[in-house]
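Given next are the chains, with one letter for each unit.
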Amino acid sequence: MGMTRNVSLFTALGYKGKGPFLTFILHRIGGLGMAIFVTMHILASFISGDIGQFLNNIYEHWLFQIVVYFCALFHVINGLRITILDLWPNLLEYQREAIWVEWAVFLPIFGLSAVILMQTAGG
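One numbering rule holds for all chains: residues counted from 1, following each sequence as written. Selection of residues for local features in this predicted model requires a pLDDT of at least 70, selection of side-chain atom pairs for listing and counting requires 80 or more, and totals for whole chains, interfaces and linings are taken over all residues. Water and hydrogen atoms play no part in the side-chain values, which are based on all heavy atoms of the structure.

## Some thoughts on the nonpolar core
Next up, step 1: Residues Leu-26, Ile-66, Leu-73, Phe-74, Ile-77, Ile-99, Trp-103, Phe-106, Phe-110 and Ala-114 constitute the largest nonpolar core, which totals 10 residues.
Next up, step 2: A run of DSSP states H or I qualifies as a helix once it reaches four residues; a run of E qualifies as a strand once it reaches two. Both are numbered from the N-terminal end. Secondary-structure elements contributing two or more residues to this core are α4 (62–87) and α5 (95–119).
Next up, step 3: The element that contributes the greatest number of residues to this core is α5, accounting for 5 residues.
Next up, step 4: What makes two residues a contact is simply this: any of their non-hydrogen atoms within 4.5 Å. When sequence neighbours within four positions are dropped, the list of residues in contact with Trp-103 reads Leu-22, Thr-23, Leu-26, Phe-74 and Pro-108.
Next up, step 5: Formed by 6 residues, the second largest nonpolar core is a distinct cluster that contains Met-40, Leu-55, Phe-64 and Val-68. Nonpolar cores were defined as sets of buried Ala, Val, Leu, Ile, Met, Phe, Trp, Tyr and Cys residues, with membership established by side-chain atoms within 4.5 Å. Working definition: with a 1.4 Å probe on protein chains only, accessible area under 20% of the residue-type maximum means buried, over 50% means exposed, and in between means partly exposed.

Listed below in structure tokens is the structure:
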């Protein structure tokens, strides 16, 4: 029989898990962001007319592309960290350090790419 948990949303949002909890949440948001992008892309290819063009305009917008890129890149790098820690369980004691390395890899790659996306957005 399953466990019952009586935890309110307010209590859950107040959880002080710091780095591991933040990466957990961002990993889920990243997966959801990619699913939304793929769904919009598929719908836009099947729906013609004004609605299809509206969907195309949304996912071709530079701001939407930056958000999707954030989602995909974070999801990939965090998934790689999770995979490494799963394959070598002795490294689990260095989980917080692995999260710092993850951010050290993610931030420069994302920052540079976001700047390039914004600079080329006009044309």
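## Topic: the pattern of salt bridges
Next up, step 1: The term salt bridge refers to a side-chain nitrogen of Lys or Arg lying within 4 Å of a carboxyl oxygen of Asp or Glu. According to the stated counting rule, one finds 1 salt bridge in the structure shown.
Next up, step 2: With its nearest N and O atoms 2.8 Å apart, the salt bridge here joins Glu-102 to Arg-81. Placement of Glu-102 in helix α5 and of Arg-81 in helix α4 is noted, with a sequence separation of 21 residues between them. The two residues Glu-102 and Arg-81 agree in class, both being buried.

## With respect to the environment of Ile-82
Next up, step 1: With respect to the helices and strands, Ile-82 occurs in helix α4.
Next up, step 2: Separated by 16 residues in the primary sequence, Ile-82 and Ala-98 have C-alpha atoms spaced 9.3 Å apart.

## Side note on the packing of aromatic side chains
Next up, step 1: Between 30 and 60 degrees the pair is tilted, below 30 it is stacked and above 60 it is edge-to-face, where a pair is any two Phe, Tyr or Trp rings, Trp via its six-membered ring, whose centres lie within 6.5 Å. Applying the stated criterion across every chain yields a total of 11 aromatic pairs.
Next up, step 2: Note on Tyr-69 and Phe-110: the rings are 6.1 Å apart at their centroids and 15 degrees apart in plane angle, and the pair reads as stacked. In this pair, Tyr-69 sits in helix α4 while Phe-110 sits in helix α5, placing the two residues 41 residues apart along the sequence.
Next up, step 3: In this structure Phe-110 comes out as buried when scored by relative accessible area, which is 16%.
Next up, step 4: Both rings, one in Phe-74 and one in Phe-106, keep their centres 5.5 Å apart while their planes meet at 90 degrees; by these two values the pair is edge-to-face.

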